[in-house]
Structures are given as C-alpha cells and as structure tokens.
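Fold and geometry: a report
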Amino acid sequence: MMHNTMAAEGLAARLFTALRAASADPPGVSRASYGEGEAAAHALARDAALALGLECRADPAGNLFMTLPGADRALPPVIIGSHLDAVPHGGNYDGAAGVVMGLAACAALRGSGTTLPRDLTVMAVRAEEMCWFPAFYLGSRAAFGLIPPELPDTVRRSDSNRTLAEHMVEQGLDPAFLRSGQASLEPGRIHCFIEPHIEQGPQRAEAGLPVAVVTGIRGSLRHPRCLPSGAWGHAGAEPRAGRRDAVLAGVELATALEEFWLAEEAAGRDLVLTLGEFHTPTTMHGPTKIPGELRFSLDIRSEDKAVLDAAAALLASRAESMAARRGVALDYGAGMRVEPLKMAPRLRAALLAGATKAGVPHMEMASGAGHDALIFGQQGVDCAMLFIRNTGGSHNPHEAMELADFNAALAVLLAALPEIAG
Ligand code: HGY
Ligand code: MN
Ligand code: MN
C-alpha cells in the first residue's frame, strides 16, 4: 500500500511547532510531569487526534489513548506511543516524537484509506521523566496498576515540593486510581508496543544514518537520594583522624564507582553510571565547616543484569567500609531497579524489512536511555523501538531532529505496520 504522507508530514511539523510554543521555557522547553507543559502537550495531541476522527479516552492517571479502528475490533491493538513530559529546559523531541509519529501514522493510514487488521492506538504516556518526581515510569506503571499505594502521597515534585497526589488532583486526575492498583491496560490485550524516539547519544549521527532499529534497552539501578551522614565540625581545629567528612566519603565512593566502570568496560561489559545533585545542604554548609551531610543521586545502567548485580554489591560493600573507616553512614534507600529488555525479534525484523522496503538507510543499535517500553516489556508485551537521528544530544535544549529524518522514520513505520499488525 502506497501512502501519500504529505498530510501526515504537515501534521507532524505543525504539532512540533505548537508543542514548542506551548512549553517554551528558555533555554529549551519544560514539560513538568503532571504540570502545565505536559497538560498543554496532551491537549494538543488530543485535538489532533479528534481532528483525525480517532477515538479518544484517557485513564484516571491521565494517560491518553487515541485509537484508529481496525478491521476486527475484538483483536488486541498495536500501541504506538511515548511520553509527553520533558526534563526542565530540555528539548522538544524527547518523548514527543513518538506520540507525534503515532498520530502521523494514523493520518497517513486515514489518508490512503488503509484499514489495518486490528486497532492502532496511539498512547501519550504521563510522567516518564524522573527529573520531576523521584519515581520511575509513573504513567506506564500506573496504566498496568504497578504503583505502590503509598507513592502518590509520598513523592514530591522537584520544582514545587508538592506531592504527586496534589499535582494530579490539580490536573483533574485521580490519585486514588494509583493507590488502588487498578489498571487501564491488560498485558494480554496488547498485540505489541512500538515506541519511536529520538536517538539520545551520538551513534547514528556519527554513522550518518537517519534511522535505527533498536536491539534492546539498558536496564537501570537508581538511587535518587543517597545521603551520607557523618559529623559537622571545625575546618581548622579538627584533626584528620577525628573527622567524619561526608563529602570525602562521597568522593571516595564516586572514585570507586568509576574504577568499577573502567574495569567493566575493559572486560567488554556494558555500563554507564552517573552521580548527580552532589551537594551539601545550603542551610548548613559553609567554607569553614567540615561537611557532616551530603546528598547525591546515583543512576547506573547496563544491558547486562549481572553488571547491575555487581554494581549493587559494590555499593553495599562500600557503604559498609565508609561507615567502618570514615564514620560516615550511607543511607541510599531501597533503590529502583528495572531489568534490561530485548526487543521482540519479530518486530525488529518487521522494522528492518520496512526500512529496506521504504529505501531508508538504517542501522541497529541498543538504547542507552530508558523508555516506557521497559515497563511494557516487563509485563510480557512484545516491544520494538525505532530511533530517529538527533544531532544535539538530549536532556538539553540542543536536541536537533530534522523533519526529513522524522519523515524517513515514519516511512519505515508505515512500511512495517502491515506486518506488525498482522
Ligand atoms: O532517563 C532516561 O533514560 C529517560 O529519559 N527517562
Ligand atoms: Mn528523557
Ligand atoms: Mn524519552
């Protein structure tokens, strides 16, 4: 089936412009999870879906489902989607490109009068970015009823210090849905989940290719609130032996983690790790005080479960030695772990065949960044991802996706959809 994609490409261009305008926060855009920017993005997606004649419903967590009916309405749908929140002062495309591509695909199918054998649902997922709430994949976990009941009332948004429940209510949504563990999606009732996304590292830009089919997604071990605590003291008067310096303890841990990283890398094993938010409490610290407290975040990722296990063991043993040798206790919380995910071979093959059919130069690569697809995969849903070239990196205002590359990825998706939906 040939698609005249001009209308679909026009829709995508208009949506990206409108999204940027609705969430501009120089430098870049901000779309806080359960905040104004995300709500504006959901409204834009919904309006575009209604204009296309799609069936729209939102679940009580605010996830939006926009469905193009297929021939047999009883069959489980193909879901295409991603998130519409964005990190503070981030780029316009992380997340949004996947939702816009789902809508553009529906526009192209409508335009060519194509009916797929089953429904195609575009899902705009809520609250994927952990910058806002210290909890991972909130929207997709909520859709599957996987949120711990206490969480809506215990996590607070980084910009407002107000709880998830408060922000949901403010948006007209229902935190009781999260607390109840009810679900809006049933894994057995989903044919597959396809998440188009901008590439967020340099690989495809370096390779000079517009599109990549993803092989797998790194899993992660995250400790967003690590709190070493020792003792505050006098920077001049206290001898080294008596000090319980939380900053030096944190630096020692950081160095140990980097040494572990270098060793894993030398052994050919996949690993990246990041320490962030490394700071002493501003109300307590000062240049003449030995820092008794420190706070940092820790984000460890690998395609290999065994590497995540080794990192967890290293953290535990370092916490012990930090207490024994430095008198600094390290509270790093329970942590959040998501296992790595391999993309479904049949979907990968369908996307590769689609790229060949559409004549789009492509490669295969693993995803370093995390995605909602991890949660779908964890639930046993077959997943695939299609990456679009982006030359500006991500989680920064410099994300740079050319519309021509987006359109090339759309052509790949459209060429693959009959096989994917079959
Ligand atoms: O952090 C991530 O990998 C994703 O952007 N949430
Ligand atoms: Mn992101
Ligand atoms: Mn993303």
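Up top is the structure these notes are about.
What comes next is a walk through the structure.

A few words on the site of ligand 1. Around ligand 1, the surrounding shell consists of E128, E129, R222, R301, A369, G370 and H395. Taking R301, its side chain carries an N or O atom lying 2.5 Å from an oxygen atom of ligand 1. Between ligand 1 and the protein, one listed contact pairs an oxygen atom with a side-chain N or O atom of H395 at 3.0 Å. Tallied by class, the residues present in the shell around ligand 1 amount to one nonpolar, two polar and four charged.

This paragraph deals with the coordination of the manganese ion (ligand 2). Donor atoms from the polypeptide that coordinate the manganese ion (ligand 2) comprise D94 (OD), E129 (OE) and H395 (NE2), at 2.0 to 2.2 Å from the metal. Taken in sequence order, the residues that donate to the manganese ion (ligand 2) follow the motif D-x34-E-x265-H. Here the manganese ion (ligand 3) and the manganese ion (ligand 2) are spaced 3.5 Å from one another, each receiving a donor from D94. Of this pair, D94 sits in the loop between β5 (86-90) and α3 (96-111) while E129 sits in the loop between β6 (120-125) and α4 (138-143), and the two are 35 residues apart along the sequence.

Next up on the list: the nonpolar core. Grouped together as the largest cluster of nonpolar side chains are 61 residues, with contacts concentrated most on M66, L103, L417 and I420. At 12 residues, the largest contribution of residues to this core is made by α3. Setting aside residues up to four positions removed in sequence, I420 forms contacts with V78, H191, C192, I194, R346, L347, A350 and L351.

The next subject is the coordination of the manganese ion (ligand 3). The protein atoms donating to the manganese ion (ligand 3) are H83 (NE2), D94 (OD) and H197 (NE2), with metal-donor distances spanning 2.0 to 2.2 Å. In primary-sequence terms, the residues that donate to the manganese ion (ligand 3) follow H-x10-D-x102-H.

The next point concerns the packing of aromatic side chains. Applying the stated criterion to the full structure yields six aromatic pairs. Note on F16 and Y93: the rings are 5.1 Å apart at their centroids and 70 degrees apart in plane angle, and the pair reads as edge-to-face. Here F16, found in helix α1 (residues 6-23), pairs with Y93, found in the loop between β5 and α3; they are 77 residues apart in sequence, far enough to count as distant. Owing to a relative accessible area of 4%, F16 belongs among the buried residues under this scheme. Ring centres 5.0 Å apart and planes at 80 degrees place the aromatic pair F144 and F376 in the edge-to-face group. Of this pair, F144 sits in the loop between α4 and α5 (151-154) while F376 sits in helix α12 (residues 373-378), placing them 232 residues apart in sequence. As far as the burial class goes, F144 and F376 line up, both buried. Taken together, the ring pairs in this structure connect F16, Y93 and F406 into an aromatic cluster. Lying over the aromatic face of F65, R57 brings its terminal NZ or CZ to 4.3 Å of the ring centre. The ring of F136 has R141 sitting right over it, with the charged end atom 3.9 Å from the ring centre.

About the cut-offs
Residues numbered from 1 in each chain as written. Chains lettered and ligands numbered in written order. Predicted model: local features only at pLDDT ≥ 70, side-chain atom pairs only at ≥ 80, totals over all residues. Heavy atoms only, no water. Near = heavy atom within 4 Å. Polar contact = N/O pair within 3.5 Å; in protein donor to acceptor, adjacent residues only side chain to side chain. Nonpolar A, V, L, I, M, F, W, Y, C, P; charged D, E, K, R; others polar. Donors = N, O, S within 2.8 Å, 3.2 Å for Na, K, Ca; no water. Helix = DSSP H or I, 4+ residues; strand = E, 2+ residues; numbered from the N terminus. Core = buried A, V, L, I, M, F, W, Y, C linked by side-chain atoms within 4.5 Å. Buried < 20%, exposed > 50% of the residue type's maximum accessible area, 1.4 Å probe, protein only. Contact = heavy atoms within 4.5 Å. Phe/Tyr/Trp six-rings, centres within 6.5 Å; stacked < 30°, edge-to-face > 60°. Lys NZ or Arg CZ within 6 Å of the ring centre and 35° of its normal.

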